[in-house]
Amino acid sequence: MADDVLAGVRIQPNWLDVLRAPFLQHALIGGSLVAIAAGLLGYFVITRQNAFAAHALAHIGFPGATGAILIGVPVTVGLAVFCVGGGLLIALFGRRVGDREIATGTILALATALGVLFASLASANASTTTSVLFGNLLAITRAQLVVYGLFTLVVVLVLAAIARPLVFASVDPAVAEARGVPVRVLGVAFVVLLALTITMAVQVVGTLLLFALVVTPAATALRLTARPGLVAAIAVGVALLSVWVGLVLSAVVDLPPSFFIVAVAVLLWLVARMSTGPRRGTTARALPNGDHAHSHGAVPIGS
Amino acid sequence: MNHAPPALVLDDVSVVRGGRTVWSEGTLTVAAGAVVGVIGPNGAGKTTLFQVMLGLLPVASGRVEVLGGAPRRGNRRIGYVPQNYTAAIGEAVRGRDLVTLCLTGGRFGLRRTTAEQRARVDRALERVGAAGYADRRMAELSGGQQQRIAIAQAIVDDAELLLLDEPLANLDLRNQHEVVRLLGELRAERNATVMIVAHDLNPLLPVLTDAVYLLDGHPHHDPIGEVVQEGLLTHLYGTPVGVVRTAQGDLFTRAAWRDAPR
């Protein structure tokens, strides 16, 4: 039995040729563009506690993709419209984290229902739906690459412009707001960037596996350092490595790249996690802040 | 004692939030250099007062003056310490980053932190005694250490007015004591005005000069000695409070035990 299963997994003798094929070159470029954008945004997704929203946005893209097939426009357009629109709705309804969870979940359910409806109206075949859910990096076209290039450029440029205020607003919103940082405007700008990135990432790893590119590389980086700039750099590196190694492995054994990309990303996270040990609170307990001598004055004892 | 404009002037101010009047008829003046305890039961509008002063919440009526001008967002003359950070965010940021962001976090575009800004951050961290752990993640720090980082954030820009929202919550007695001492020292060396929201006045009594108390929907202001009275505190908190005078100073304490059967 095991032999039958493993029969599907074998090394392609011509894998070096496969690596040189145009579709794989496209996949490599497209995947790299997504890795850059996703790696850069990951730190903010984590610090803004937006992981659920990021996950949901990917699913909100689902009716966008099937709807695009229904009316005959490019899937990227449908995805982008729904992701950006859904992101703005979430930003609008969910100002507080608690509200956001509920708003996100509700919009998510509606979007998934629409996705199923559109898919059945468009009589989209199972493989189209599968490619939205799990990604189809090997089917990326030249035209899509141009769009990806533009999206990534927008993400990089906007992020460069708003990086500091966005970090401030993400890690310390109360003080940032008091300091005059436009916290809400930055929140909306961030959601739009995230939506553009997710639009791309959905086509690489699919809605169901998107976490592995948007959240996991940044989580890996955060195990190693807490400096925002360094986290972004390491996260981009981890995401790129995952895409590259994943693509090569998929070419070697001729299986879908999504699995390998996600597997590499998760493996790197596990390694970082185990090599840095448990984090929270350990040092605080070991080193109470005992750098102060006893103080003077009249402070009454207890109440 | 100095000729600076008052830190806070309220002239018949009322504040409405979500259709509900939080407090009204606020008329008071807090002199520059005062150390003010802001007290009152939960929901009385203590944090709301800070938000008004920070320009984050417009008043429904009346006139507000902070450090001689109208309240405005982003007033760098005010240092603000909100309540604690969540653990999830504390994993992703170091104390030094938080203090640096207070100086540079409002700027758009890619710009390096200057040597002068770094020096200011170092000075603030050293002043609060946090230099030794400023490069550790916030989540790794104890409550007292986190509070010192937060105070460093508030003073890094040489603020003249410090607003601290429950700085002693979740601190053990020794840390409460040390944070209070630090606040007293900062006030003295900078002649800053300090306003502190607190539920428990006891640890703050050594440094407080005044109190703003929110009672029955109105803010009041008195020297601290007139606030530490059994009748007023009992009314304020809605539970019996006794005042015990000791050689070291006043101590007020919840005194429900008086009614308990023995």
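Description of the structure in this document. (Residues numbered from 1 in each chain as written. Chains lettered and ligands numbered in written order. Predicted model: local features only at pLDDT ≥ 70, side-chain atom pairs only at ≥ 80, totals over all residues.)

## What to know about the overall build of chain B
We count it as follows: Secondary structure elements are taken from DSSP: a helix is a run of H or I of four residues or more, a strand is a run of E of two residues or more, and numbering for both begins at the N terminus. Labels follow a simple rule on C-beta atoms placed from the backbone: if 20 or more others lie within 10 Å of a residue's own, it is buried; if 12 or fewer, it is exposed; otherwise it is partly exposed. Contact between two residues is assigned whenever their backbone-derived C-beta positions fall within 7 Å.
Looking only at helices and strands, one finds eight helices and 11 strands in chain B. Taken across its 262 residues, chain B has 48% of its residues classed as buried. Within chain B, contacts between residues separated by at least 24 positions form 66% of all contacts whose residues are at least 6 apart in sequence.

## Brief notes about the sheet that holds strand β2 (residues 20-30) of chain B
All names here are of chain B. The condition is simple: In this description, strands pair whenever DSSP reports at least two bridges between them. Axes here refer to lines fitted to C-alpha atoms; in helices the fit is confined to the stretch in contact. Angles between the N-to-C directions go from 0 to 180 degrees.
With antiparallel pairing, the three strands of this open sheet are ordered in space as β2-β1-β4. Either end of the sheet is taken by a strand with one partner, and the two such strands are β2 and β4 (61-66). Geometrically, the sheet is characterised by an average inter-axis angle of 30 degrees between neighbouring strands, direction not taken into account. Pairing of strand β1 (residues 8-17) with β4, which is carried by five bridges, proceeds in the antiparallel orientation. Across the sheet, residue Leu10 finds its bridge partner in β4, namely Val64.

## A word on helix α3 (residues 95-104) of chain B
For α3(B), a buried count of nine out of 10 residues is recorded, marking the element as mostly surrounded by other parts of the structure. Looking at the packing, one finds that the buried side of α3(B) touches α8 (142-171), α9 (173-178) and α13 (228-253) of chain A together with α4 (115-127) and α5 (143-155) of chain B.

## Observations concerning the pairing of β2(B)
All names here are of chain B. Bridge count for β1 against β2 is seven bridges, and the pairing is antiparallel. Within β2, the residue paired with Leu8 across the bridge is Val30. Where β1 folds back on β2, the antiparallel hairpin that results is connected by two residues, among which Gly18 adopts a positive phi of roughly 60 degrees.

## Thoughts on the nonpolar core
Residue and element names in this part refer to chain A. This is how the line gets drawn: For the purposes of this analysis, a nonpolar core is taken to be any set of buried Ala, Val, Leu, Ile, Met, Phe, Trp, Tyr and Cys residues that are connected through C-beta atoms within 7 Å.
Core analysis: the biggest nonpolar cluster contains 178 residues, and Ile198, Ala201, Leu213 and Val214 have the highest contact counts within it. Of all the elements, helix α3 (residues 22-47) adds the most residues to this core, at 14 residues. The residues touching Leu213, leaving out its near neighbours within four places in the chain, are Val34, Ala35, Ala38, Ala201, Val204, Val205, Ala239 and Ala265.

## Observations regarding unusual backbone geometry
All names here are of chain A. Phi is positive for Asp254, which is not a glycine, with a value near 55 degrees. As for its position among the elements, Asp254 is in the loop between α13 and α14 (257-276). A count of 14 C-beta atoms within 10 Å places Asp254 in the partly exposed class.

## Quick look at the sheet that holds strand β3 (residues 35-39) of chain B
Residues and elements named next belong to chain B. Pairing is mixed in the open sheet, where six strands are placed in the order β5-β6-β7-β3-β8-β9. Both outer strands of the open sheet, β5 (78-81) and β9 (218-223), are each paired with one neighbouring strand and no more. Pairwise comparison of adjacent strand axes, ignoring direction, gives a mean angle of 15 degrees for this sheet. Inspection of the sheet shows β5 paired to strand β6 (residues 161-165) by four bridges, in the parallel sense. Along β6, the bridge assignment pairs Gly79 with Leu162.

## Focus: the packing of α3(A) against helix α10 (residues 183-205) of chain A
Residue and element names in this part refer to chain A. Rules: Each angle receives one of four descriptions, namely roughly parallel if under 35 degrees, roughly antiparallel if over 145, roughly perpendicular if within 65 to 115, and oblique otherwise. Whether a crossing is left-handed or right-handed is set by the direction in which the near helix is turned from the far one by less than a right angle, anticlockwise for left-handed and clockwise for right-handed. Polarity classes work like this: nonpolar for Ala, Val, Leu, Ile, Met, Phe, Trp, Tyr, Cys and Pro, charged for Asp, Glu, Lys and Arg, and polar for all others, with Gly in that last group.
Between α3 and α10, the shortest axis-to-axis distance is 9 Å and the interhelical angle comes to 140 degrees. By the angle class used here, α3 and α10 are oblique. Crossing geometry of α3 relative to α10 is assigned as left-handed. On α10, the residues touching Gly30, Gly31, Leu33, Val34, Ala37, Ala38, Leu41, Phe44 and Val45 of α3 are Phe190, Leu193, Leu194, Thr197, Met200, Ala201 and Val204. Here the contact of α3 with α10 is built from residues that sort into 13 nonpolar, three polar and no charged.

## Notes on the packing of helix α12 (residues 216-224) of chain A against α13(A)
Residues and elements named next belong to chain A. Between α12 and α13, the shortest axis-to-axis distance is 8 Å and the interhelical angle comes to 130 degrees. By the angle between their axes, α12 is oblique relative to α13. In terms of crossing hand, the pair formed by α12 and α13 is right-handed. Only Val231, Ile234, Ala235, Val238, Ala239 and Ser242 of α13 make contact with α12, whose side of the interface consists of Pro217, Ala218, Thr220, Ala221, Leu222 and Leu224. Residues of the contact of α12 with α13, tallied by class, amount to 10 nonpolar, two polar and no charged.

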